[in-house]
Each structure stands twice: as structure tokens, then as C-alpha cells.
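# Residue-level structure breakdown
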Amino acid sequence: MKKRNLFSSLLDWVWESRSDLYENMTIRDDDEEVNVITKAEHKEDIEKVKEKVFDAADRGSFRKWRFLYKILAVVFAVFFSAVLLITVGQLPKIGEINNPANNEVEKRYIEKGLEETGATNIVAGMILDYRAFDTLGESHVLFVAAIAVTILLRLDKSERDPEDTKITETITEAEEEDKIFEPHHDAILQKVAMLLVPIIILFGIYVILNGHLSPGGGFSGGAIIGAGLILYLNAFGFENTERFFNEKVYKTVIFSGLAFYALAKCYAFFCGANGLDSHISKGIPGHILSAGLILPLDIAVGCVVACTMYAFYAMFRKGGL
Amino acid sequence: MCVLLSFLVICAVAVSFSKKLLNSVLIFMSYSLIMSVIWMLLESPDLAITEAAVGAGITSVLFFVTLNRIHSMFKDASGKKKEVKEDEEKKSVQ
């Protein structure tokens, strides 16, 4: 590609005298063979696409409007970036006493957090006790995202019509396409994974179980465990992961995690963010078994997140768990 | 801190200007890593852990799988060069 300066290419874009779209385009062949095309054929292809897609003869009448549209787009972009920059410039300075962030809520959390929640990690006390309702919504958002990915990418095996061969084809196609880039018993990958996967998963469990004592918690620990599972899957393939993680396990874990969380915290729908006493003793701050409901909720969120991350990856890879 | 922040800006600009999508994802990954170090320096280790696990780990892996799916792992942004073709050719010969 020739180097042109920014201004002239901007002018080209506005007047459409030159378009990146169809000059760099090639028509993809359905044949498996690699086809080598000459320059003349390439030009012919481009002309075809021009006629078909851009309707070159009819373009003149629309050109004025498209020009206006582009000018307006630039004006809008400049306007909004200016508004955003001005707003950022007028934000209060960081660390001043009169900032709206310095109110009684923060004081209450810092001064009475340990006493009221029993968690030495104030952040965990905040998100899983004072604001547990928000975290409930967050984990359901993640669940809905997983469902959306499933709807988009899943290839169903069990409910297909025996006469309809199209779905079978797509399933085998997807698995074959998947195998092109999959490492086949890569010795280095397998040895490294052998060493790393237990450490990663143990670290994830540690982060979840210590969520109320040290930095971390359900979401980050679950993401770490999910990453470990993905590494294991990459090294040893789907046959090995399906022995302990199939769709049934996925459904059970997600359902029980979300149901437990919802049962424990759904009263917030009726009494707002005011917490009810759970009657579970707070224990001694700093011990593993302390802080009331925070630890079980952390475990539930961690399981849900780990399963969701792994499910995302498996869906993208072959359209099913 | 200033060095890290300037690095952040450089990474953010480089993501949109790199020719190959694979490079973009790798730069995005390093962006997340720098971001997690910055969270650490701002004394919020909770966010740092999450950023490292989700931003640098899972998101990039999902990006890689998607690039693989749409067959543009080794193409540049305009979809012109196909270095993969050679590999596939060899495979079909075998």
C-alpha cells in the first residue's frame, strides 16, 4: 500500500474518490484449493463488486447526502469529545475534603465495617454484606451473558432431526475446524500445564477462601480457576476435561450457586439495602471461619464465575460443552 | 507512575494502529497488565487481581479463539495477506 499523508486520505474519504473497501477486496473462493489469480482477473473482480455492491451509476444522487452525513459525523464526534473533555476538566480535585465522595457512608464502612461484618478485608465486607444486593445483580448479569453466548454459538446435538443432515455437518465441521489450530499432544505445553494447572487452581481456591481476610474474593478467584481450566483444556483436549466437567456439572454448579445466593440475599427486594441479621455468628475476625455469610457467598460466586469462564471458552471453541 | 501511565497511552494508541489483529490483541493484553500494576500502586489489590485474571487472561484468550474462528489469526486488518494459506496447502498435500 502506498503511503499517503493524513490530509489527502481524509479528503479522499470525504469525496469517496478512493475507497479502501473495494480496492483491497478479494472474492473468497469456495474451493479448497488455493487459487492464484492474475492482476487482470483481480481488477475484473473489483469491477464486479463495484457494480454489485456500490451501484456506481446511481451513486451521484446520493453523493450529496453522504457528504453531508460525513461532515455531520465529524462535527458530532468533535462536539462530544469537547463536551467530555470539558466535563473531565471540571471534576473536583482528587483528595479534597469537600468532595461528594467524602460522606458518612465511607466513614461508616471504614470505622464500623470490621465490627458489623466481621471481615478484615473491607472491600469484601462492602460488596458481600452492605452491598450484597448489587453483587447478586452482577452475578446474574454474568449468567445472562453466558446464556446469550450459548444461544448464539451452541450447536445442538441431541434434539436434531435425523433427516436434517445440515446440523450434523456443522457440528463435524466445527470440530474439524477446531482441530486445525489445536496442538496435538504438544509435549512442552503438556509438561508446563502439568506443573502450572494445579498451582493456578489452588491459588484460585486460596483467593476465594481468603476473600474476607485478604485481597481477592469470589469473582477474581473464579476467574483464576477458569483460566486454569482453560489451560488444562488446551493442553489435554476435550476428551479429558469432559470426564469431570460436562454440561450436567455445569448446569448443577451454576444453578446451585445462583440459587443459594438469591435465597440468601433476595430479601433485599423488600427491605432495600438494609441488611437483616443472618444469625450466623461473626466469629473472630481474621479466622477462616468468620464473617458470617461472606465466605459461603464468596464460594458461590467463585463457582459461578469459574464455570461461566470455562463455558465461554468451550462455546467459542466448538459450540458446546 | 508517570512512566506507567504514558506506557498505557502508548499501548492504547498502538492497539488501533497495529496492522495485524493478533498484534492488537497482544498489545491489549499488555495494556491490561500495566493497568493491573497501576491498580496495585493505587493500593487496590482486589482490582489488581481481577484485572490481571480477567483483562490479561480470559479476555485475550477469548479474543484469540474468536480470531481463530473467523480465520484471521495471521491476516492484517484489511484482510489481505493470508500466511495461513501456505500451511493449509502443505496439509492438503500431505
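Conventions used here
Residues numbered from 1 in each chain as written. Chains lettered and ligands numbered in written order. Predicted model: local features only at pLDDT ≥ 70, side-chain atom pairs only at ≥ 80, totals over all residues. Helix = DSSP H or I, 4+ residues; strand = E, 2+ residues; numbered from the N terminus. Buried ≥ 20, exposed ≤ 12 C-beta atoms within 10 Å, placed from the backbone. Contact = placed C-beta atoms within 7 Å. Expected span 1.5 Å × (residues − 1). Bend = angle between axes of the 7 residues up to and from the residue. Axes fitted to C-alpha atoms, helices over the stretch in contact; angles between N-to-C directions. Parallel < 35°, antiparallel > 145°, perpendicular 65-115°, else oblique. Nonpolar A, V, L, I, M, F, W, Y, C, P; charged D, E, K, R; others polar. Core = buried A, V, L, I, M, F, W, Y, C linked by C-beta atoms within 7 Å. pLDDT = per-residue confidence, 0-100.

Helices and strands together make up the secondary structure of chain B, namely 4 helices and 0 strands. Going from the N terminus to the C terminus, chain B shows its helices and strands as α-α-α-α. Going through the 94 residues of chain B one by one, you find that 17% of them count as buried.

We now examine the overall build of chain A. Per the secondary structure count, chain A includes 13 helices and 0 strands. For chain A, with 321 residues in total, the buried portion stands at 22%. Nonlocal contacts in chain A, meaning residues at least 24 apart in sequence, comprise 72% of its contacts between residues at least 6 apart.

With that settled, consider helix α9 (residues 187-209) of chain A. Here α9(A) contains 23 residues, and its C-alpha end-to-end distance of 33 Å stays within 8% of the 33 Å for a straight helix at 1.5 Å per residue. Considering bend angle alone, the principal kink of α9(A) is centred on A:Ala193 and spans about 35°. For α9(A), the full list of buried residues reads A:Ile200, A:Gly204, A:Val207 and A:Ile208. Looking at the packing, one finds that the buried side of α9(A) touches α10 (218-241) and α13 (294-318) of chain A together with α3 (45-69) of chain B.

Residue and element names in this part refer to chain B. Between helix α2 (residues 21-41) and α3, whose axes approach to 7 Å, the crossing angle comes to 175°. Taken as axis vectors, α2 and α3 run roughly antiparallel relative to one another. Contact residues: Leu21, Leu22, Val25, Phe28, Met29, Ser32, Leu33, Met35, Ser36, Trp39 and Met40 in α2; Pro45, Leu47, Ala48, Glu51, Ala52, Gly55, Ala56, Ser60, Phe63, Phe64 and Leu67 in α3. Per-class residue counts for the contact of α2 with α3 are 17 nonpolar, 4 polar and 1 charged.

Let us now look at the environment of B:Ala52. Residues and elements named next belong to chain B. Take alanine 52: it is sitting in helix α3. Of the residues examined, alanine 52 has 21 C-beta atoms within 10 Å and is grouped as buried. Residues within four places of alanine 52 in sequence aside, it is in contact with Leu33, Ser36 and Gly57.

Moving on: the nonpolar core. Counting 50 residues, the largest nonpolar core has A:Ala223, A:Val304, A:Val305, A:Ala306, A:Met309, A:Tyr310 and B:Ala53 as its most contacted members. Element by element, the count of residues in this core is highest for α13(A), at 17 residues. Not counting residues within four places of it along the chain, the set of residues in contact with A:Ala223 comprises A:Val305, A:Met309, B:Thr50, B:Ala53, B:Val54, B:Gly57 and B:Ile58.

Turning our eyes to something else, we now look at helix α6 (residues 122-130) of chain A. Owing to its 3.6 residues per turn, the α-helix brings residues three or four apart onto one side. Restricting attention to buried positions, one finds in α6(A) the residues A:Ala124, A:Gly125, A:Met126, A:Ile127, A:Leu128 and A:Asp129. Looking at the buried side of α6(A), the elements it contacts are α5 (104-117), α7 (132-153) and α13 of chain A.

The next thing to look at is unusual backbone geometry. Residues and elements named next belong to chain B. In this model, glutamate 43 sits at a positive phi of 60°, which is unusual for a non-glycine residue. Residue placement: glutamate 43 occurs in the loop between α2 and α3. A count of 8 C-beta atoms within 10 Å places glutamate 43 in the exposed class.

Residue and element names in this part refer to chain B. Scored by pLDDT, chain B has a mean of 77; 74% of the residues are at 70 or more. For chain B, per-element mean pLDDT is lowest for helix α4 (residues 84-93), which scores 46, and highest for α2, which scores 89. Long-range and interchain partners of residues 79-94, a stretch whose pLDDT sits below 50, account for 12 contacts in this model, where long-range means more than four residues apart. Predicted complex metrics record ipTM = 0.73 and pTM = 0.69.

Another aspect to go through is the confidence of the model for chain A. The pLDDT averaged across chain A works out to 76; a share of 74% of its residues lies at or above 70. By mean pLDDT, helix α2 (residues 20-23) of chain A is the weakest element of chain A at 55, and α9(A) is the strongest at 89.

Here we come to the packing of α13(A) against α3(B). Direction vectors running N to C along α13(A) and α3(B) enclose 10°, while the axes themselves pass 9 Å from each other. As the angle between them shows, α13(A) and α3(B) are arranged roughly parallel. Across the interface between the two elements, A:Met309, A:Phe312, A:Tyr313, A:Phe316 and A:Arg317 of α13(A) pack against B:Ile58, B:Val61, B:Leu62, B:Val65, B:Thr66 and B:Arg69 of α3(B). In the contact of α13(A) with α3(B), the residues fall into 8 nonpolar, 1 polar and 2 charged.

This paragraph deals with the environment of A:Asp129. Looking at the element boundaries, A:Asp129 is found in helix α6. In this structure, the C-alpha to C-alpha distance between A:Asp129 and A:Leu293, residues 164 residues apart in sequence, is 7.9 Å.

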